[in-house]
Amino acid sequence: MPFTKLQSLSFTCSEVTLKNPAGELAALASLTSLTSLEMGKCKLPDSVLWRLTSLKRLRKLKLSGLWSMGNDGIAELAKLTTLQSLALSEAMHATAAGLLALSQLTGLTGLSLGLTQDLGPGAVARVVASLPGLQWLAALKQLKFLQVLVLDGCKNIHAGEAISQDLLPPQLTSLSLRGLPFGNVFNACVNMPACSSSMAKLELSSLSGIHCGQLRRVLSFFPKLRDLSLAGNVDIEDAVMAHLQLLAQLTALNISGSRFHWESHKTHPWYNVIRHKVPEIQGAGFTHIWLPPPSQSVSPEGYMPGQLYNLSSAYGNEQQLVELNEALKAAGIAPLADIVINHRCADSQDEHGRWNNYHDDHDHEGHSIDWGQWAITCDDHEFGGQGNKDTGDDFWGAPDLDHTNSHLREALVHWLQHLRDNVGFTGWRFDFARGYGAKYITQYVEGSGTQNDLNVGEVWTDLHWDGTTLGKNQDDARQRICNWIDGTQRRSTAFDFVTKGVLQEAVKHCEYWRLADSKNKAPGLIGWWPQRAVTFVDNHDTGSTQRHWPFPSDRVSQGYAYILTHPGMPCVAFDHFFDWGSKLRGEISALMQARRDAGIIAKSKLQILCAEGDMYVAKVTGSKGSLVLKLGPRYDMGPLLPKPEEGWTKAAVGKDYCVWIQQEGEAEAAAAAEQ
């Protein structure tokens, strides 16, 4: 690798399989100047991790998705004696003995462990967590210099026993407990550990079975607390607010209770959280809401579905979902279900130990879903698939379904009809739509009767890059999305990944020339087919806690200024609106109001007036008026500055953007006044 002076490197894509782990990690280890390394969901065996020991300057290391990591791998990491911060996620086979090896890292001050996520039956990555909990918590106490500890989703820890036995390092100043039973947390604090007297930062997020009275008592055990987070806990705000007001020493407080992103399942029942927010969602002017996958899933996020008709999930039960959809539709908001039908996790194994037998444990009308190997594409050899070849991209984590099979398609249609007629959904968001032929979407939409409602496909399209620089021409990527929409016989729209990719590069690098193509049209799907383009800034994959392809966090408001004033159908991330603070929420609300006031719709006329390095100016004409958007740091717009005497007024303003509106009749009134 030529980057001999590189200090920070991050791989945060959704999934990486190294064809030659030893060789590729050796090349990575040649970057001896690295001080920070992050590798997200890279499948690295223990046997190659020793190559990282050549990184003598490494201070920060974050590894996630290492499902096979065990004690040998941790022992190799313990040789990185310069480490100050270490984060390991899904290192399933590590035990207390492995963690004891970390005591060699005398400079380690930060440790994050998310170790015991059992993906369950049917997933390729199914593993059995072997951590006995107390043993490796005892090992943590050997980390003499540890000051920051994060335990995320470690469900087999009995935190009450652990902390009451004083197993946590006494020098801790920051502790995060996420996704644990609240009873365990309460018991942990009854016998005050040594570290509680010096704790300055405490996070108790997404706890189950929370009791407000006990929570108030827990907080009393931390006299030096300065920073408190209670994010993701439902309905605690009113009950604890009076007590929080008495904690005069607090300088930072987060009591956000609802997050529609990758971590939403940790706030249970999440359906009730959203139902309580329906008046706010309605008042903001939203017309649709995209809800997570509704079925039972071996992964809590819902994207590894098993029993399709079992609608009790990490988000809530079927009755709560029905009540939520009823409330949404009564408020004029259409609920869309996230439909995951590219793959399905099996319920049992065949005689060869392969997960390919499906059960049907819930009564329902229509075809049974107790499928066998015939329902799995023959390309999925590890699952013993006996169906036809896959009609799209392969998904590694579960058996790909054979959509060429008419019986299987009819069964899926019956399930979609159930979701529409009995559960209350009005349309579909098709997950991983690249995984099967677009033509089958036609039957799923028409068969379920949603052809006159909004349906949208996740067609995550690779963009064209010139090395590490985004290419100027993205026509190939646009065409692939158009081909998919055509393949559905226009029964579905598609997320505009091209607009997202170009827009975030433009605002990140002050390259606003990117926002016009060679024909002076918008460079994304909205430049070719805006009526079929759903624009967005971030979603649960690209942003949220996964951050596979995040929009620059300090430029998010510019992203919304663009998509909310331009053609296409803009989609606002739930966490951006509800969890990122009142300032961003106010800016988004002002932009949405301007769009409504001007009557901007998906196919409104766009005229790009300027697309240069430090400034972009465009005019969009709606049914009730027009908007002018200016992006970029340039102050002097010259003759492009909208004139008040022509009826233009400011509608929204923020960092490096401004929006003016000229409503219908204002221009004529201004002209008449001059005469």
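Residues numbered from 1 in each chain as written. Predicted model: local features only at pLDDT ≥ 70, side-chain atom pairs only at ≥ 80, totals over all residues. Heavy atoms only, no water.

Details of the overall build of the chain
- A count of helical and extended segments in the chain gives 19 helices and 26 strands.
- Counting the 675 residues in the chain, one finds 55% classified as buried.
- Total accessible area computed for the chain in this model is approximately 27,200 Å², and 49% of it derives from carbon and sulfur atoms. (Helix = DSSP H or I, 4+ residues; strand = E, 2+ residues; numbered from the N terminus. Buried < 20%, exposed > 50% of the residue type's maximum accessible area, 1.4 Å probe, protein only. Areas by Shrake-Rupley, 256 points an atom, 1.4 Å probe, with all protein chains shown as cover.)

Regarding unusual backbone geometry
- Of note in this structure, Phe-432 is not a glycine but carries a positive phi near 45 degrees.
- Inspection of the secondary structure assignment puts Phe-432 in the loop between strand 15 (427–430) and helix 13 (439–448).
- The partly exposed category is assigned to Phe-432, whose relative accessible area is 22%.
- Phi is positive for Gln-489, close to 55 degrees, though the residue is something other than glycine.
- Along the chain, Gln-489 turns up in the loop between helix 14 (475–487) and strand 19 (493–495).

A few points about the side chain of Ser-295
- Mapped onto the fold, Ser-295 is located in the loop between strand 11 (288–291) and helix 11 (318–330).
- Overall, Ser-295 belongs to the buried group, its relative accessible area being 3%.
- Those residues in contact with Ser-295 that lie beyond four places of it in its chain are Gln-307, Leu-308, Asn-310, Leu-311, Ser-313 and Trp-415. (Contact = heavy atoms within 4.5 Å.)

So, helix 18 (residues 582–598)
- Look at helix 18: 24 Å from first C-alpha to last across 17 residues, which is about the 24 Å you get at 1.5 Å a residue.
- Considered for burial, the residues of helix 18 that qualify are Leu-584, Glu-587, Ile-588, Leu-591, Met-592, Ala-594, Arg-595 and Ala-598. For helix 18, the angular spread of the buried residues around the axis is 155 degrees, confining them to a single face.
- Downstream of helix 18 by a residue or two, Gly-599 has a phi angle that is positive, lying close to 70 degrees. (Expected span 1.5 Å × (residues − 1). Arc of directions from axis to C-beta.)

Regarding the sheet that holds strand 22 (residues 605–612)
- Pairing is antiparallel in the open sheet, where five strands are placed in the order 22-23-24-26-25. A strand with exactly one partner marks an edge of an open sheet, and here the two such strands are strand 22 and strand 25 (649–654). Neighbour to neighbour, the strand axes of the sheet diverge by 15 degrees on average, direction disregarded.
- Summarising the sheet, strand 23 (residues 615–621) and strand 24 (residues 625–631) pair through six bridges and their orientation is antiparallel. By the bridge assignment for strand 24, Ala-618 is matched with Leu-629.
- Running at roughly 150 degrees to strand 24, helix 16 (residues 556–563) makes contact with strand 23, strand 24 and strand 26 (657–663) of the sheet.
- Across the sheet, helix 18 touches strand 24, strand 25 and strand 26, and the angle it forms with strand 26 is around 25 degrees. (Pairing = 2+ DSSP bridges. Axes fitted to C-alpha atoms, helices over the stretch in contact; angles between N-to-C directions.)

A few points about the packing of helix 15 (residues 497–509) against helix 16
- Where helix 15 contacts helix 16, the axes come no closer than 10 Å and their chain directions differ by 130 degrees. Here helix 16 runs oblique to helix 15, going by the angle between their axes. The hand of the helix 15/helix 16 crossing is right-handed. Across the interface between the two elements, Thr-499, Leu-503 and Val-507 from helix 15 touch Gln-558, Gly-559, Tyr-562 and Ile-563 from helix 16.
- Looking at side-chain class alone, the contact of helix 15 with helix 16 contains four nonpolar, three polar and no charged residues. (Parallel < 35°, antiparallel > 145°, perpendicular 65-115°, else oblique. Left-handed = near helix turned anticlockwise from the far one by under 90°. Nonpolar A, V, L, I, M, F, W, Y, C, P; charged D, E, K, R; others polar.)

Describing the packing of aromatic side chains
- Overall, the coordinates contain 17 aromatic pairs when judged by the stated rule.
- The interplanar angle of 25 degrees and the centroid separation of 6.1 Å between the aromatic rings of Trp-460 and Trp-549 together place this pair among those described as stacked. Of this pair, Trp-460 sits in the loop between strand 16 (456–457) and strand 17 (465–466) while Trp-549 is found in the loop between strand 20 (533–536) and helix 16, placing the two residues 89 residues apart along the sequence.
- Its end group placed over the ring of Trp-371, Arg-344 keeps NZ or CZ at 4.9 Å from the ring centre.
- It is Lys-500 that lies over the ring of Trp-549; its NZ or CZ is 5.3 Å from the centre. (Phe/Tyr/Trp six-rings, centres within 6.5 Å; stacked < 30°, edge-to-face > 60°. Lys NZ or Arg CZ within 6 Å of the ring centre and 35° of its normal.)

Observations concerning the confidence of the model for the chain
- Scored by pLDDT, the chain has a mean of 81; 72% of the residues are at 70 or more.
- Confidence drops under pLDDT 50 across residues 13–17; counting only partners more than four residues distant or on other chains, this segment forms twelve contacts.
- A low-confidence stretch, residues 155–164 (pLDDT under 50), is modelled with 27 contacts involving residues beyond four sequence positions or located in other chains. (pLDDT = per-residue confidence, 0-100.)

Quick notes on the pairing of strand 22
- In terms of strand pairing, strand 22 meets strand 23 through seven bridges, oriented antiparallel. What sits directly across from Gln-607, in strand 23, is Lys-619.
- Connecting strand 22 to the next strand, strand 23, in antiparallel fashion are two residues.

Observations regarding the nonpolar core
- Of all hydrophobic cores here, the largest spans 112 residues; its most connected members are Phe-430, Tyr-560 and Tyr-562.
- Those residues in contact with Tyr-560 that lie beyond four places of it in its chain are Val-537, Cys-571, Val-572, Ala-573, His-576, Ile-588 and Leu-591. (Core = buried A, V, L, I, M, F, W, Y, C linked by side-chain atoms within 4.5 Å.)

Re the layout of surface pockets
- Looking at the second largest pocket, its volume works out to about 970 Å³.
- In this structure, the second largest pocket is lined by 42 residues; those nearest its centre are Phe-286, His-288, Pro-570, Cys-571 and Val-572.
- Looking at the lining of the second largest pocket element by element, the count peaks at four residues for helix 17 (residues 574–578).
- Of the residues in the lining of the second largest pocket, the class split is 27 nonpolar, nine polar and six charged. (1 Å grid on protein atoms, 1.4 Å probe; cavity = no way out; pocket = protein on both sides within 12 Å on 5 of 7 lines; lining within 4 Å. Points joined across faces, edges and corners; volume = space filled by probe spheres on them.)

Overview of the sheet that holds strand 20
- As summarised here, the arrangement of the seven strands in space is 11-12-15-16-19-20-21, forming an open sheet in which the pairing is parallel. Each having just a single partner strand, strand 11 and strand 21 (569–571) make up the two edges of the open sheet.
- Where strand 12 (residues 334–339) meets strand 15, four bridges bridge the pair, whose relative direction is parallel. Note that in strand 15 the partner of Asp-338 across the bridge is Arg-429.

Topic: the pairing of strand 24
- Most of strand 24 is tucked away: seven of the seven residues are buried.
- Remark: three residues form the turn of the hairpin made by strand 23 and strand 24, two consecutive strands paired antiparallel.

Some thoughts on the environment of Pro-642
- By the element assignment, Pro-642 lies in the loop between strand 24 and strand 25.
- The spacing of Pro-642 and Val-659 is 17 residues in sequence and 9.6 Å in space, taken between C-alpha atoms.
- Beyond its immediate sequence surroundings of up to four residues, Pro-642 is in contact with Val-628, Met-637, Trp-648 and Trp-660.

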